2 protein chains.
Amino acid sequence: MKIVVDAMGGDYAPEVIIKGAVAAVCEYNTEVILVGDEAKINSLLKKNKYSGSLISVCPSTEVIAMHDPAAASIRRKRDSSIVVGLNLVKEGKADAFFSAGNTGAVVCGATLGLGLLPGIERPGIGIVIPTLKGITFIIDVGANIDPKPTQMLQNGIMADAYVKHILSKANPTLGLLNVGEEESKGTEFVKETHELLSHSKLNFIGNVEGRDLFSGKCDIILCDGFVGNVALKVSESLAEAMQIFLKKHLLSNFIGKLGAVLLRNNFKKFKKEMDYSEYGGAPLLGVNGVVMIGHGRSNAKAIKNAIRAAKEEVERKFNEKIMEAIQ
Amino acid sequence: MKIVVDAMGGDYAPEVIIKGAVAAVCEYNTEVILVGDEAKINSLLKKNKYSGSLISVCPSTEVIAMHDPAAASIRRKRDSSIVVGLNLVKEGKADAFFSAGNTGAVVCGATLGLGLLPGIERPGIGIVIPTLKGITFIIDVGANIDPKPTQMLQNGIMADAYVKHILSKANPTLGLLNVGEEESKGTEFVKETHELLSHSKLNFIGNVEGRDLFSGKCDIILCDGFVGNVALKVSESLAEAMQIFLKKHLLSNFIGKLGAVLLRNNFKKFKKEMDYSEYGGAPLLGVNGVVMIGHGRSNAKAIKNAIRAAKEEVERKFNEKIMEAIQ
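Cut-off values and rules
Residues numbered from 1 in each chain as written. Chains lettered and ligands numbered in written order. Predicted model: local features only at pLDDT ≥ 70, side-chain atom pairs only at ≥ 80, totals over all residues. Buried ≥ 20, exposed ≤ 12 C-beta atoms within 10 Å, placed from the backbone. Helix = DSSP H or I, 4+ residues; strand = E, 2+ residues; numbered from the N terminus. Pairing = 2+ DSSP bridges. Contact = placed C-beta atoms within 7 Å. Axes fitted to C-alpha atoms, helices over the stretch in contact; angles between N-to-C directions. Nonpolar A, V, L, I, M, F, W, Y, C, P; charged D, E, K, R; others polar. Arc of directions from axis to C-beta. Least-squares fit on C-alpha atoms with pLDDT ≥ 70 in both. Domains from an automatic or database assignment.

So, about the pairing of strand 10 (residues 282-285) of chain A. All names here are of chain A. Going residue by residue along strand 10, you find Ala 282 and Leu 284 tucked away on one face and Pro 283 and Leu 285 tucked away on the opposite face as well. In this structure, strand 5 (residues 124-131) lies alongside strand 10, joined through two bridges in antiparallel fashion. Bridge pairing in strand 10 places Ile 125 opposite Leu 284. The sheet contact formed by strand 10 and strand 11 (residues 290-293) spans two bridges and is antiparallel. Directly across from Pro 283, in strand 11, lies its bridge partner Met 292. Counted between consecutive antiparallel strands, the loop separating strand 10 from strand 11 contains four residues, among which Gly 286 sits at a positive phi close to 110 degrees.

Dropping the structure here:
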């Protein structure tokens, strides 16, 4: 098993990427190919005291930056870590690809480079979020911002397979994100999607609302990539703001500061429960290969967990499950 | 000044509505007309020890429930508190209308009953949220889930007037909610809206992302009613989930319980800063009359503050400002 890791992608690359990769090979005994600036990678491997044989380096000279235009960069930067890394998967030299870099570029590069699975018209990005009743899988959080209802159904089928075979939850419930629970609610697009889902084999529970994201009402929440992207980023923004507000009010007086010290461990456990890095990467579903996308701000633990998630997809032959389900 | 208050709308109606109305007339010296079940209202006024002349009752026998279909209910329930209340404004017997009831019914009833301001094609619901740098006004959070770009521009102009004249912030900045900051990002609809905003007189700062909602990057965030509704409800859901997670981890051991008692006042201040009820109602902009919508879960303080916000719109002749701006 070989996982390609884009050493140059992410806000804290290459430092945290190398750190996470070293942690992953030690913990999961999987091989990792680091793609990027060879000298920097080797120096960071030394710094992380890794000299084993599980990590190899594939040099690439270009980097697609976080805000570079996706399609144009994929076409022009042929020696970028994303293009070179995806090619290793395409050529069968590796089993999966992970990047915490430019999401649009990874989606575009994977779609063009690896192609799509039969029956899938567009890929979708899924993500696991913590809820009051465990976890929920949301798809799509930004790969396809203007999908057709048939593509929404395809995303639903892929998410169902993911939750079944990777998150090991039998017969997952699926809700369609809407502005109200009633069938009559929503835009024409959402109503058409509702109709398709109603006649599918999915365990469709009907419309759910924004308030159901963190309540854990269903196992899968389906939405278009525009709405999903906004919902995800709003959540991150609010979680951050709440932690800043809380800190401000705790540290505003002596008793608060004392309490904050006393409660350090309780707050740590709270932060851990809310922490995206526990779940690692977000799978790019629908492409003909295993591709995992990391948050730009991924820390080493998130990188490690994303590599684990990619490994599981390969081991469980996940794309075969999608192809069986989509037929 | 007379404000009509729907005594029957909201999850805790009529109890908290009456309580909030009594608090409002005492604090702001404004007249309130309570619409709904006369016997219940009078009994609750007695319970709240109010016998003054600032509150009068307008009886109505029907109630539009929270999940009743909006348009059909407005047509059929002619003696509902929403229809009767809006008629008082239409007939010039009152200056503003407030309801914490069925939002869709209020939007529909106000649009049909009061009509729209010249130059406005559809109304929009705005809402004030707390951010790291003060407050931000988001429009639309659900009145128009499938708007045209021209209607987005109209909402932008109305929001600009609201922030200037009601929230007293000069030259407010406006951002368009999108999946990325670059001009090239987004659906055709968002790109067309971007184009219109660029050529308007608004202080348009370009695209903003979901993560900018709570960062306070701009004074106004513009989005369609579908995305705004999801963003708002996701935020409520996450804020609730985080408070439950926090409580769980604090109360998980003795030291945590002790700390929670010690920090009670700090947590109270934190909750107050995150509390929507501080800002009261959400104005329904664009209708030919002052209409304020409350959260279904509004408490008495939120009701009181919504009545104050309605009073300010009337006093400052806000709809005239919209008409000046829209020309």
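There is more to say after this.
All names here are of chain A. Looking at where Gly 296 falls in the secondary structure, it is placed in the loop between strand 11 and helix 11 (300-315). Separated by 272 residues in sequence, Gly 296 and Ala 24 place their C-alpha atoms 18 Å apart. Not counting the four nearest positions on each side in its chain, Gly 296 is found in contact with Gly 10, Asp 11, Met 66 and Ala 100.

Before going further, it helps to spend a moment on the sheet that holds strand 2 (residues 31-36) of chain B. Residues and elements named next belong to chain B. Spatially, eleven strands are ordered 3-2-1-4-11-10-5-6-9-7-8 in an open sheet, and the strand pairing comes out mixed. A single partner strand is all that each edge strand has here, and the edge strands are strand 3 (55-59) and strand 8 (203-208). Pairs of neighbouring strands in the sheet enclose a mean axial angle of 25 degrees, with direction left out of account. Across three bridges, the pairing between strand 6 (residues 134-139) and strand 9 (residues 220-222) is parallel.

In this assembly, 51 residues from chain A lie in contact with 51 residues from chain B. Those elements that place two or more of their residues in the side of chain A that touches chain B are helix 8 (225-250), helix 9 (254-262) and helix 10 (264-273) of chain A. Partitioned by chemical class, the residues of the side of chain A that touches chain B number 26 nonpolar, 16 polar and nine charged.

Moving on: helix 10 of chain A. Residues separated by three or four positions in an α-helix point in the same direction, a consequence of the helix having 3.6 residues per turn. Residues and elements named next belong to chain A. Inspection of helix 10 places Asn 266, Phe 267 and Phe 270 among the buried residues, and these make up the whole buried set. Looking straight down helix 10, one finds that the buried residues subtend no more than 95 degrees of arc, so they occupy a single side. Opposite the packed face of helix 10, turned more than 90 degrees from it, sit the exposed residues Arg 264, Lys 268 and Lys 272.

When chain A is brought onto chain B, the operation consists of a screw motion whose angular component is 180 degrees and whose axial shift is 0.0 Å, with 0.0 Å RMSD remaining. Seen this way, the second copy is the image of the first under a two-fold rotation axis. The share of interface residues of chain A whose copies in chain B are also at the interface is 100%, consistent with both copies meeting through the same surface.

All names here are of chain A. The mixed open sheet is built from eleven strands, whose spatial order is 3-2-1-4-11-10-5-6-9-7-8. Two strands in the sheet have a free side with no partner beyond their single neighbour: strand 3 (55-59) and strand 8 (203-208). On average, adjacent strands in this sheet sit at an angle of 25 degrees to one another, irrespective of strand direction. Packing of helix 2 (residues 38-47) onto the sheet brings it into contact with strand 2 (31-36) and strand 3, and relative to strand 3 it is tilted by some 160 degrees. Each of strand 7 (173-177) and strand 8 touches helix 7 (residues 188-198); the most contacted strand, strand 7, lies at about 165 degrees to it.

Once that is clear, we can look at helix 4 (residues 81-90) of chain A. All names here are of chain A. With eight of its ten residues buried, helix 4 lies for the most part within the structure. Against strand 1 (2-6), strand 2, strand 3, helix 3 (70-76), strand 4 (96-99) and helix 5 (103-114) lie the buried residues of helix 4. Just downstream of helix 4, Gly 92 is the residue with a positive phi angle, here 80 degrees.

What follows concerns unusual backbone geometry. For the bond running from Ala 13 of chain A to Pro 14 of chain A, omega is -5 degrees, close enough to zero to count as cis. One can find Pro 14 of chain A in the loop between strand 1 and helix 1 (15-28). In this structure, Asp 140 of chain B follows Ile 139 of chain B across a cis peptide bond, with omega equal to 5 degrees. Mapped onto the secondary structure, Asp 140 of chain B falls in the loop between strand 6 and helix 6 (149-165). Unusually for a residue other than glycine, Ser 168 of chain A sits at a positive phi of about 55 degrees. Structurally, Ser 168 of chain A can be placed in the loop between helix 6 (149-165) and strand 7. One non-glycine residue, Asn 29 of chain B, lies in the positive phi region at around 55 degrees. Judged by the 10 C-beta atoms lying within 10 Å of it, Asn 29 of chain B is exposed.

It is worth spelling out the domain arrangement of chain A at this point. Residues and elements named next belong to chain A. Splitting chain A by domain gives domain 1 (1-120 + 286-327) and domain 2 (125-279). Centre-to-centre, using C-alpha coordinates, domain 1 lies 25 Å away from domain 2. The partner domain 2 presents 14 residues to the 19 residues of domain 1 that form the contact. Listed by contribution, the elements that provide at least two residues to the side of domain 1 that touches domain 2 are helix 5, helix 11 and helix 12 (318-326). A per-class count over the side of domain 1 that touches domain 2 returns eight nonpolar, six polar and five charged.

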